[in-house]
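Chain by chain, the residues run as shown.
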Amino acid sequence: MAITLTDKAAQRMTNLLFNRKSGMGVRLSVQTTGCSGLGYNMEFVDAINKDDTLFNNKGIQIIIDAKSLIYINGTEVDFQKKGLNEGFEFNNPNSKAECGCGESFTV
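Just so it is clear, the model here is predicted, and its values are computed rather than measured.

### With respect to the confidence of the model for the protein chain
Note that predicted coordinates carrying low pLDDT should not be read in detail.
Then, number 1: Residues of the protein chain with pLDDT of at least 70 account for 86%, and the chain-wide mean is 87.
Then, number 2: Taking the mean pLDDT of every element in the protein chain, the minimum, 64, falls on strand 9 (residues 105-106) and the maximum, 95, on strand 1 (residues 4-5).

### Structural notes on the pairing of strand 7 (residues 85-91)
Then, number 1: With seven bridges joining them, strand 6 (residues 76-82) and strand 7 adopt antiparallel strand pairing. Its bridge partner lying in strand 7, Asp78 is registered against Glu89.
Then, number 2: Counting the residues that bridge the hairpin from strand 6 to strand 7 gives two residues, and of these Gly83 lies at a positive phi of roughly 65°.

### A word on helix 1 (residues 7-20)
For an α-helix, 3.6 residues make a turn, and residues three or four places apart therefore share a direction.
Then, number 1: An ideal rise of 1.5 Å per residue puts 20 Å on 14 residues; helix 1 measures up with 20 Å between its terminal C-alpha atoms.
Then, number 2: Those residues of helix 1 not exposed but buried are Ala9, Ala10, Met13 and Leu17. The arc that holds the buried residues of helix 1, viewed along the axis, is 95°, so those residues lie on one side. The exposed set on the far side of helix 1, more than 90 degrees from its buried face, consists of Asp7, Lys8, Phe18 and Asn19.
Then, number 3: Buried-residue contacts for helix 1 involve strand 1, strand 2 (25-33), strand 3 (37-45), strand 5 (60-65), strand 6 and strand 7.
Then, number 4: Just downstream of helix 1 lies Lys21, where phi reads positive at about 70°.

Calculation rules
- Residues numbered from 1 in each chain as written.
- Predicted model: local features only at pLDDT ≥ 70, side-chain atom pairs only at ≥ 80, totals over all residues.
- Heavy atoms only, no water.
- pLDDT = per-residue confidence, 0-100.
- Helix = DSSP H or I, 4+ residues; strand = E, 2+ residues; numbered from the N terminus.
- Pairing = 2+ DSSP bridges.
- Expected span 1.5 Å × (residues − 1).
- Buried < 20%, exposed > 50% of the residue type's maximum accessible area, 1.4 Å probe, protein only.
- Arc of directions from axis to C-beta.
- Contact = heavy atoms within 4.5 Å.

In structure tokens form, the structure reads like this:
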């Protein structure tokens, strides 16, 4: 499987990386947080770790550590603007439930 981006997510990540003027891609990971147990984390990547898996989708290098990959493999990342709010959304086939606010999930 892989991590994929919608066109909107790829465009937003391209803009963010361009404005940063450095970095080789975006790290997508999970961390223990929230009411459901796991939350998504995104950050710029300047160096790859030996246990990372790399996915290239729509020109964006997506980097995932081995621990996170088992929870998010197959995920599609989207970017949405709704009124004054905007952000990345994760369509994760491994997620069994999400908390009410959508900030965390469980597998």
